[in-house]
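Here is what each chain is made of, one letter per residue.
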Amino acid sequence: MKRIMITGALGQIGSELVEKLRNIYGQDNVLATDIRPAQDMQGPFELLDVTDAQRMHDLAKDFGADTMMHMAALLSATAEEKPLLAWNLNMGGLVNALEASRELEMQFFTPSSIGAFGPSTPKKNTPQDTLQRPTTMYGVNKVAGELLCDYYFQKFGLDTRGVRFPGLISYVAQPGGGTTDYAVDIYYKAIEQKRYTSYIAKGTYMDMMYMPDALQSIVDLMEADPSKLEHRNAFNVTAMSFEPDEIAASIRKHIPDFQMSYDVDPIRQGIADSWPDNIDASAAEKEWGFKAAYDLDSMTADMLEKLKKKLVTV
Ligand code: SER
């Protein structure tokens, strides 16, 4: 990776990924693109609607990109509200990014998700290779995307790589429209109000990861020796699995009077219930040395410290 183009650069992952890659590879070697205009971004930025194949191709070509990181997508709850828009954006954007990468011979990364699993998938220690019959539009998009990335590798020799991210937690950009978003929102509310009403029910386990680990996993996978990669795309990665009461208990170690209540949203609860409790990341560990640094308590300590500073200065 020397010249990297990123789509969805202002999104939950993109906004931090741009900064991380610019620190490693140099500010001018990372082209950030998004459908929204950037406020105060240092370094190259272009407006891009990922459904516009020609513009995507032209921007990558003009920049001389050798790597495409396709991050633009609608998350699970929004996709359930607007399934056709999700299909057009998530699949249309992916195909355009793969095509630009094939035509310009770029290395390629896109994230899949725990959303690529469904109710018939084994829920505990979910294997790397298993049944995938998701019941959400987001999941349908993610499974099709995983297969498409494999197809572009097998058919065209395109260097496609990817992971299945769990819920990602960060103090920088808020996710928006996801099912796992409660695990970000809870930290804001803990600091601002010392209370949180969870739309996800007690006892609902989902995999999660702190953003610094997620960003490092992208860099590590992209830098990995390709001869060691048996899977290439859709590697299970995770750092922890918890349910709402457990994250509340972790927060109480810092804010003892934090209170948790529940008002379950049937749509997002239904999505969460269709996903695994915890996935097995051993293929990623074996093939490219994936290892997360943060667990629930170390993430909570860092989140609360960083968020307190951020919320004071806003
Ligand atoms: N965090 C995502 C969501 O909740 C899962 O990939 O939609």
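The following refers to the structure shown. All of these numbers come straight from a predicted model, not from anything done at the bench. (Residues numbered from 1 in each chain as written. Predicted model: local features only at pLDDT ≥ 70, side-chain atom pairs only at ≥ 80, totals over all residues. Heavy atoms only, no water.)

1. Observations regarding the site of the ligand
Neighbouring the ligand are the residues Leu75, Ser76, Ser113, Tyr138, Gly178, Thr179, Thr180 and Trp275. Ser76 is positioned with one of its side-chain polar atoms (N or O) 2.6 Å from an oxygen atom of the ligand. Within the side chain of Ser113, a nitrogen or oxygen atom sits 2.6 Å from an oxygen atom of the ligand. Relative to its free-state accessible area of 240 Å², the ligand is covered by the protein chains to the extent of 95%. Given that more than half its atoms are within 2 Å of the pocket grid, the ligand belongs to the largest pocket. (Near = heavy atom within 4 Å. Polar contact = N/O pair within 3.5 Å; in protein donor to acceptor, adjacent residues only side chain to side chain. Areas by Shrake-Rupley, 256 points an atom, 1.4 Å probe, with all protein chains shown as cover. 1 Å grid on protein atoms, 1.4 Å probe; cavity = no way out; pocket = protein on both sides within 12 Å on 5 of 7 lines; lining within 4 Å. Sits in = over half its atoms within 2 Å of the grid points.)

2. Some details on the sheet that holds strand β10 (residues 167–169)
In any sheet, the strands associate via hydrogen bonds between backbone groups, in a parallel or an antiparallel arrangement. The sheet built from three strands is open, its strands ordered β10-β12-β14 with mixed pairing. Edge positions in the sheet fall to β10 and β14 (240–242), since each of these pairs with one other strand and no more. Going from strand to strand, the sheet's axes swing by 40° on average, the running direction of each strand aside. Relative to β14, strand β12 (residues 206–210) runs antiparallel, the two being bridged by three bridges. Among the inter-strand pairings, Met206 is bridged to a residue of β14, identified as Phe242. Running over the sheet, helix α7 (residues 211–223) touches β10 and β12 and is turned about 80° from β12. (Pairing = 2+ DSSP bridges. Helix = DSSP H or I, 4+ residues; strand = E, 2+ residues; numbered from the N terminus. Axes fitted to C-alpha atoms, helices over the stretch in contact; angles between N-to-C directions. Contact = heavy atoms within 4.5 Å.)

3. Regarding a nonpolar patch on the surface
On the surface, a cluster of nonpolar side chains totalling about 290 Å² of accessible area is made up of Leu84, Trp87 and Val140. Following the sequence through the fold, Trp87 ends up in helix α4 (residues 83–104). Owing to a relative accessible area of 37%, Trp87 belongs among the partly exposed residues under this scheme. (Patch = residues over 30% accessible without salt bridge, like charges linked within 9 Å, V, L, I, M, F, W, Y side chains within 5 Å. Salt bridge = Lys/Arg side-chain N within 4 Å of Asp/Glu carboxyl O. Buried < 20%, exposed > 50% of the residue type's maximum accessible area, 1.4 Å probe, protein only.)

4. A word on the environment of Asp220
Along the polypeptide, Asp220 turns up in helix α7. Judged by its relative accessible area of 31%, Asp220 falls in the partly exposed class. The sequence separation of Asp220 and Lys20 amounts to 200 residues, and the corresponding C-alpha distance is 12 Å.

5. Focus: helix α1 (residues 14–25)
Taking 1.5 Å of rise per residue, the 12 residues of α1 would be expected to cover 16 Å, and the 16 Å separating its terminal C-alpha atoms lies within 8% of that figure. Of all the residues in α1, the buried ones are Gly14, Glu16, Leu17, Val18, Leu21, Arg22 and Tyr25. Residues of α1 that are buried make contact with β1 (4–7), β2 (30–34), β4 (67–70) and α7. Positioned one or two residues after α1, Gly26 has a phi angle of 105°, which is positive. (Expected span 1.5 Å × (residues − 1).)

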